[in-house]
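# Descriptive analysis of the structure
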Amino acid sequence: QVQLVESGGGLVQAGGSLRLSCAASGRTFSNYAMDWFRQAPGQEREWVSGISWSGRSIYYADSVKGRFTISRDNAKNTVYLQMNSLKPEDTAVYYCAAEGSRFHSGRPDYWGQGTQVTVSS
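Worth saying up front: this structure is predicted, and the values here are computed from it rather than measured.

Glancing now at the sheet that holds strand S3 (residues 18–25). Spatially, the four strands line up as an open sheet ordered S1-S3-S8-S7, and their pairing is antiparallel. Where the open sheet ends on each side, the last strands, each with one partner, are strand S1 (3–7) and strand S7 (68–73). Going from strand to strand, the sheet's axes swing by 15° on average, the running direction of each strand aside. Pairing between S1 and S3: five bridges, direction antiparallel. Its bridge partner being in S3, Val 5 is matched across the sheet by Ala 23.

Moving on, we come to the state of the cysteines. Linking two cysteines covalently through their sulfur atoms gives a disulfide. Applying the stated criterion to the full structure yields one disulfide. Bridging Cys 22 to Cys 96, the disulfide has an S-S length of 2.0 Å. Between Cys 22 and Cys 96 the disulfide shows an S-S torsion of about -75°. By sign, it is left-handed. With Cys 22 in strand S3 and Cys 96 in strand S9 (residues 92–98), this pair connects stretches of sequence that are 74 residues apart. For the residue pair Cys 22 and Cys 96, the accessibility class agrees, reading buried in each case.

Attention now moves to the side chain of Arg 67. If you trace the backbone, Arg 67 turns up in the loop between strand S6 (58–60) and S7. Under the relative-accessibility criterion, Arg 67 is labelled buried at 10%. When neighbours within four sequence positions are excluded, Arg 67 is seen to be in contact with Gln 82, Met 83, Asn 84, Ser 85, Leu 86, Lys 87 and Asp 90.

The rules we used
- Residues numbered from 1 in each chain as written.
- Predicted model: local features only at pLDDT ≥ 70, side-chain atom pairs only at ≥ 80, totals over all residues.
- Heavy atoms only, no water.
- Pairing = 2+ DSSP bridges.
- Helix = DSSP H or I, 4+ residues; strand = E, 2+ residues; numbered from the N terminus.
- Axes fitted to C-alpha atoms, helices over the stretch in contact; angles between N-to-C directions.
- Disulfide = S-S within 2.5 Å.
- Buried < 20%, exposed > 50% of the residue type's maximum accessible area, 1.4 Å probe, protein only.
- Contact = heavy atoms within 4.5 Å.

Spelled out as structure tokens, the structure:
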């Protein structure tokens, strides 16, 4: 079992930046590929970004490519999502997720509780 706790959400103006963090505990963090998802009100949960266990393979949804950066620190059991040039349409609850594999598939097995990101226009 893996426990995931997100932090770093908040309210920011359009064009601003936020950095989300996700602290993992329970099992060896480096055994897991990690993802960020988001869910806006009334919409389905959407995959945002993924990173392999080593950090060498990184993936982004087209909607955030060039603006968001995913990274991980296996020594700190933490994955990050740096979000720049934020837009109102980025407003959502952001979820950290862990996959049961070292390599990215976009199909997580464990989820955090989510952190709210609100971007005002």
